[in-house]
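Coordinate analysis (summary)
Residue-level listing of the chains:
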Amino acid sequence: SKHSVNLDNRTANVAVRPFELEMGFQFVLHVIVSGRKINISEIPELPIPEDWMRDKLELNFSKTEQGGGGEIENVTYDKESGTAVITFLKPG
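Remember, it's a predicted structure, so these values are computed and weren't measured experimentally.

Procedures and definitions
Residues numbered from 1 in each chain as written. Predicted model: local features only at pLDDT ≥ 70, side-chain atom pairs only at ≥ 80, totals over all residues. Heavy atoms only, no water. Helix = DSSP H or I, 4+ residues; strand = E, 2+ residues; numbered from the N terminus. Buried < 20%, exposed > 50% of the residue type's maximum accessible area, 1.4 Å probe, protein only. Contact = heavy atoms within 4.5 Å. Areas by Shrake-Rupley, 256 points an atom, 1.4 Å probe, with all protein chains shown as cover. Pairing = 2+ DSSP bridges. Salt bridge = Lys/Arg side-chain N within 4 Å of Asp/Glu carboxyl O. Core = buried A, V, L, I, M, F, W, Y, C linked by side-chain atoms within 4.5 Å. Patch = residues over 30% accessible without salt bridge, like charges linked within 9 Å, V, L, I, M, F, W, Y side chains within 5 Å.

**Description of the overall build of the protein**
Regarding its fold elements, the protein presents one helix and six strands. When the helices and strands of the protein are listed from N to C terminus, the series reads β-β-β-β-α-β-β. Residue burial in the protein is summarised as follows: out of 92 residues, 18% are buried. Residue pairs at least 24 apart in sequence account for 36% of intrachain contacts in the protein once pairs closer than 6 positions are excluded. Put simply, the protein shows about 7,700 Å² of open surface, and 49% of that area lies on carbon and sulfur atoms.

Have a look at this one:
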């Protein structure tokens, strides 16, 4: 757990320590389904970067275990309006 790191001709002794990540967020989405696209509204504003939110939306809607989802072509997320459009590769 202890390491020595050379920085600018100086040695720094560092130690690795575990840290706790913040708990996840749970929220309800309002969805309109139309062929290959899903329009999502009322996405709550969370203290995470926009690309993380796009990734979370993509991950959630790519899951097929719950009787829906599929391979995603594109995720467009607008933080200001709290909306997103998920476009799937295939309609369904």
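**Regarding the pairing of strand E1 (residues 2-7)**
Of all six residues in E1, zero are buried; the element is thus mostly exposed. With six bridges joining them, E1 and strand E2 (residues 10-15) adopt antiparallel strand pairing. Paired with Val 5 across the bridge in E2 is Ala 12. Between E1 and E2, which pair antiparallel and follow one another directly, the connecting turn spans two residues, one of which, Asp 8, has a positive phi of 50 degrees.

**Remarks on the pattern of salt bridges**
Proximity of charged atoms lets side chains of opposite charge pair with each other. Counted by the stated rule, this structure contains one salt bridge. The partner of Arg 36 in a salt bridge is Glu 73, and the shortest N-O contact between them spans 2.5 Å. Residue Arg 36 is found in the loop between strand E3 (30-34) and strand E4 (37-41), and its partner Glu 73 is found in strand E5 (residues 72-78); the two are separated by 37 residues along the sequence.

**Section: the nonpolar core**
Residues Ile 40, Ile 43, Met 53, Leu 57, Phe 61 and Ile 86 are the most contacted members of the largest nonpolar core, which totals 14 residues. Residue assignment for this core shows that the elements contributing at least two residues are E4, helix H1 (50-62), E5 and strand E6 (83-88). In contact with Ile 86, not counting residues within four places along its chain, are Arg 36, Lys 37, Ile 38, Ile 40, Leu 57, Phe 61, Ile 72, Asn 74 and Val 75.

**Some points on the pairing of E5**
Bridge count between E5 and E6: six bridges; the pairing is antiparallel. The residue bridging Asn 74 from the neighbouring strand is Thr 87, located in E6. Linking E5 back to E6 in an antiparallel pair, the connection comprises four residues, with Gly 82 at a positive phi of about 65 degrees.

**A closer look at the side chain of Thr 87**
Looking at the secondary structure, you find Thr 87 in strand E6. Contact partners of Thr 87, with chain neighbours within four places excluded, come to Arg 36, Lys 37, Ile 72, Glu 73 and Asn 74.

**Some points on a nonpolar patch on the surface**
Among the surface-exposed residues, Val 5, Leu 7 and Val 14 lie close enough to one another that they form a single nonpolar patch of about 220 Å² accessible area. Mapped onto the elements of the fold, Leu 7 is located in strand E1.

**Examining unusual backbone geometry**
A negative phi holds for most residues other than glycine; trans holds for most peptide bonds. The phi dihedral of Glu 42 is positive, around 60 degrees, even though this residue is not glycine. By relative accessible area, Glu 42 is classed as exposed at 54%.

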